[in-house]
Amino acid sequence: MITPRPLKRVFTVLAATLGLAYLLPLVWVILTAFKTNNAVLKNPNSIFFRPTLETFRAVINDGFGAILTSLQITISVTALVLAIGVPAAYALSRHAHPLWNRVATIGLALLLILQMVPQPMTVIPLFSVLANWHVIGTLPGLILADLALLLPYAIIVLRPFVLAIPNVLYEAARIDGASSVQTFFRLTIPMLANGIFTVGAIIFITAWGEFVYAINFLPEGTVLPVSGLLAQQNSQYSANWNTLMALAVLTALPLLIVFLFAQRRLVNGLSLGAVK
Amino acid sequence: MVILAAFALWPLFVLVQMSLSEVGPAEIVGNWSFVGLRNFVDVLGDFETWKAILRTIGLCAILVISNLVLGFIAATVLSTTGRTASAVLGILVFVWALPPLVSGSVWRFLLDDTGTLNAILGLLGISPVNWLSDPALALWSVSAVVAWASLPFSILIMRGGLLAVNPELIEAAAIDGAGFWTTRWRIILPLMRPTLWILAVITVLYAFRSFDFFYVMTQGGPGTSTNTLPVLSYYTAFTNFDMSTGATIAVVSMVVVLAFAVPYVRTIKNEETS
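- Naming follows an unreviewed UniProt entry, where chain B appears as ABC transmembrane type-1 domain-containing protein of Brachybacterium endophyticum.
- Under the UniProt heading Sequence similarities (unreviewed entry), the note attached to chain B is "Belongs to the binding-protein-dependent transport system permease family."

- Per an unreviewed UniProt entry, chain A carries the name ABC transmembrane type-1 domain-containing protein and comes from Brachybacterium endophyticum.
- We quote the UniProt Sequence similarities (unreviewed entry) comment for chain A here in full: "Belongs to the binding-protein-dependent transport system permease family."
- The Subcellular location (unreviewed entry) comment attached to chain A in UniProt states, word for word, "Cell membrane".

**Topic: the overall build of chain A**
Logical step 1: The helix and strand tally for chain A stands at 14 helices and 0 strands.
Logical step 2: Listing the helices and strands of chain A from first to last along the sequence gives α-α-α-α-α-α-α-α-α-α-α-α-α-α.
Logical step 3: In chain A, which comprises 276 residues, the share counted as buried stands at 42%.
Logical step 4: Across chain A, every contact between residues at least 6 apart in sequence was considered, and the portion connecting residues at least 24 apart equals 75%.

**Details of the nonpolar core**
Residues and elements named next belong to chain A.
Logical step 1: Core analysis: the biggest nonpolar cluster contains 155 residues, and I124, L150, A154 and A248 have the highest contact counts within it.
Logical step 2: The biggest single contributor to this core is helix α7 (residues 139–163), with 17 residues.
Logical step 3: If we ignore the near neighbours within four places in the chain, the residues touching A154 are V81, G85, V199 and I203.

**Considerations on the environment of P6(A)**
Logical step 1: Looking at the element boundaries, P6(A) is found in helix α1 (residues 5–33).
Logical step 2: Sequence separation between P6(A) and T243(A) is 237 residues, and the spatial gap between their C-alpha atoms is 46 Å.

**Section: the UniProt feature "domain: ABC transmembrane type-1" (unreviewed entry) in chain B**
Logical step 1: In this structure's numbering, the residues bearing the UniProt feature "domain: ABC transmembrane type-1" (unreviewed entry) are residues 53–262 of chain B.
Logical step 2: A distance of 21 Å separates the end C-alpha atoms of residues 53–262 of chain B, which is 77% helix and 0% strand.

**Some points on the UniProt feature "transmembrane region" (unreviewed entry) in chain A**
Residue and element names in this part refer to chain A.
Logical step 1: Per the UniProt record, "transmembrane region" (unreviewed entry) is annotated on residues 12–34, 71–92, 99–117, 137–162, 183–205 and 243–262.
Logical step 2: Its end C-alpha atoms 28 Å apart, residues 99–117 is made of 95% helix and 0% strand.
Logical step 3: The span residues 183–205 carries 96% helix and 0% strand; its end-to-end C-alpha distance comes to 30 Å.

**Thoughts on the interface of chain B and chain A**
Logical step 1: The interface of chain B with chain A comprises 72 residues on the first partner and 72 residues on the second.
Logical step 2: Top contributing element to the side of chain B that touches chain A by residue count: helix α4 (residues 83–97) of chain B, with 12 residues.
Logical step 3: Of the residues contributing to the side of chain B that touches chain A, the split by class is 56 nonpolar, 13 polar and 3 charged.

Calculation notes
- Residues numbered from 1 in each chain as written.
- Chains lettered and ligands numbered in written order.
- Predicted model: local features only at pLDDT ≥ 70, side-chain atom pairs only at ≥ 80, totals over all residues.
- UniProt positions renumbered as here; feature names shortened; annotations may be inferred.
- Helix = DSSP H or I, 4+ residues; strand = E, 2+ residues; numbered from the N terminus.
- Buried ≥ 20, exposed ≤ 12 C-beta atoms within 10 Å, placed from the backbone.
- Contact = placed C-beta atoms within 7 Å.
- Core = buried A, V, L, I, M, F, W, Y, C linked by C-beta atoms within 7 Å.
- Nonpolar A, V, L, I, M, F, W, Y, C, P; charged D, E, K, R; others polar.

Structural data, given as structure tokens:
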């Protein structure tokens, strides 16, 4: 796009300002997590300090169980979402029969609407549903709730990846005499590697940061996941800032890792799910 | 698909059922007595509900203005190529994917009465502002944070829309003597109308989902000053243990969400078939 030269200079300054408005708060948080409790108590805003790992050590020591809980929840949720979501996305994008096409269209519209239901509005009925199924206050119950929350999104994001597989390949597989199950495992899944990675990463990040279900569906006294600990710290009146910020960094850790190693894939996946 | 229906649709059905019954903490498992529309009469007759609706509208207004106006300006700025622009885009994507729980915690720390923002104001000789503890200010502070968190998404979508505009059109405008801003206003903005519409709808839906920020930063307080609809519904159900009233408020806001979601979904479906 053609931009007049003086305007270009103004734009660079504006872009940098915008970047700082987002970067500085994050940098500040990470710095605070490396301060000692005393340093923060004395002056929460000191710029010069000696960085220590004291806070992280304490948080990880106290919260070791929390990290394990988080891992249990997140790995199960991600695995289940992919195990159900990949076949579902496949089924919704293959045009086999006109009747099935209509079902698929309605199914897709439902998924889109479901994905927009605000989470706090599902907490109330889910509480009763899980209680009736006798899984309230258990990890499987929480995993089930997370699954219901994230599955519609996963299917919507996976579908374009399935649609992108050329039809010729399926025909070739049929001519070679592959059964539909074989085709799915030998052709669809390998072709979807990129999509599966992207969706898996997004689901992992989201499930790791989920807290509304975690604090409501797990009974008092159980080991909360990391996100639950962070939410709990926040609900206390006076917060321990360095602990709070260290927990925030831990809650954002999966995102940080994915972002460092696969930024472009993450961006593509996120924008697909957001617009469609 | 059957599993999906059971998982995702069943709770919504239960929600409506709850709103039509009398449910307290004791009756979670068991039979609910049907009370018809009484809960709705109670909820819609309550002044608090209407105040919550007004607050939700306020939040939506701030988000729509910020996402569309600031979003368009920022997208214009970032549609130029260069190292600064791509570095800033990277940061924006990161913030976009950050769990709201984390960004809410971050801003709770920065906006605290003795927090960083007030410290900076102090250096400039301005007396501290009680961003989150002043009932008159808290709603706007949280709204500003939600705007901060949702702006990156809007910028990225708008930038995509801007880059999709046919460059020949822009050249033609330049040849006709249109200046940079005239081109933006008269040619690019009208072309982007569909994107702007979808973005506005997504933003309103986002406002209804931004419960996490309120939970983390104010918990609906001080007093009830930051109770938006989702927040009010949540605390009615889980702090006052009035499940059926909470469910009723949730149904009321669901109706609003659906009113926005259905036309949006229809647009997308049309786009796919064409």
